[in-house]
Amino acid sequence: MKRAVIAALAALAAAPALAQDIANGETQFSRQCVACHVVRDPGGAVLAGRTARTGPNLHGLEGRVIGDVEEFRYGEAMDRMRERGVTWTAERFTGYLQDPTGWLRDELDDRRARGKMAYRVRDAQTAADIWAYLQSLSAR
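Quick caveat, the model's predicted, so the values are computed rather than measured. (Residues numbered from 1 in each chain as written. Predicted model: local features only at pLDDT ≥ 70, side-chain atom pairs only at ≥ 80, totals over all residues. Heavy atoms only, no water.)

*Asks:* Describe helix α4 (residues 90–98), and please don't skip the residues or the numbers.
*Replies:* Taking burial as the measure, the nine residues of α4 include seven buried ones, the bulk of the element. All of the buried residues along α4 are Ala90, Phe93, Thr94, Gly95, Tyr96, Leu97 and Gln98. (Buried < 20%, exposed > 50% of the residue type's maximum accessible area, 1.4 Å probe, protein only. Helix = DSSP H or I, 4+ residues; strand = E, 2+ residues; numbered from the N terminus.)

*Asks:* Tell me about the pattern of salt bridges, residues and numbers included.
*Replies:* Working definition: two side chains of opposite charge can pair if their charged atoms are close together. Throughout the structure, instances matching the rule amount to five salt bridges. The partner of Arg80 in a salt bridge is Glu76, with the nearest N and O atoms 3.4 Å apart. Taken as a pair, Arg80 and Glu76 lie in helix α3 (residues 76–84) at a separation of four residues, close to a single helical turn. With relative accessibility at 48%, the residue Glu76 sits in the partly exposed group. Among the salt bridges present, the one from Arg80 reaches Asp110, with a minimum N-O distance of 2.8 Å. Placement of the pair is Arg80 in helix α3 and Asp110 in the loop between α5 (100–108) and α6 (124–138), with a sequence separation of 30 residues. Asp110 sits in the partly exposed class, given a relative accessible area of 22%. In this structure, a network of salt bridges that share partners links the residues Glu76, Arg80 and Asp110. (Salt bridge = Lys/Arg side-chain N within 4 Å of Asp/Glu carboxyl O.)

*Asks:* Break down the layout of surface pockets for me, with residues and values.
*Replies:* Space inside the largest pocket adds up to approximately 520 Å³. Taken together, 29 residues make up the lining of the largest pocket; nearest its centre are His37, Gly55, Pro56, Tyr96 and Met117. Broken down by secondary-structure element, the contributors of at least two residues to the lining of the largest pocket are α4 and α6. If you tally residues by element for the lining of the largest pocket, the top one is α4, at three residues. Its residues assigned to classes, the lining of the largest pocket comprises 20 nonpolar, six polar and three charged. The calculated volume of the second largest pocket comes to roughly 250 Å³. Its residues assigned to classes, the lining of the second largest pocket comprises five nonpolar, three polar and four charged. (1 Å grid on protein atoms, 1.4 Å probe; cavity = no way out; pocket = protein on both sides within 12 Å on 5 of 7 lines; lining within 4 Å. Points joined across faces, edges and corners; volume = space filled by probe spheres on them. Nonpolar A, V, L, I, M, F, W, Y, C, P; charged D, E, K, R; others polar.)

Pasting the structure below:
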């Protein structure tokens, strides 16, 4: 599992070979993420998604401590990431998106760690595009 995450990160580091496509990120977010997530700015305006509450608000991820959305109840592994002060970066987000439980197990060095998000974005490029799209919304 760790090799897959390392390979995905190496692929992202090879940019511009994996130039991020915000338009594709928007399309993929609409297809894959809106059932559970919303992007709501600090003023309460919904920038993307619906009013889904299965997953946390994805506004302003970069540099935000993982697992810090107050209104959302995270699993134990994400709570541990928050307690450690680990923040979201493009590499962490795209790795998490591709295999949430595997990524948490690697990050926490705990084979029993589990993520609550069961969905996976299997393609590194798509994960990078979704990140780029979310970043474009966070700039608003």
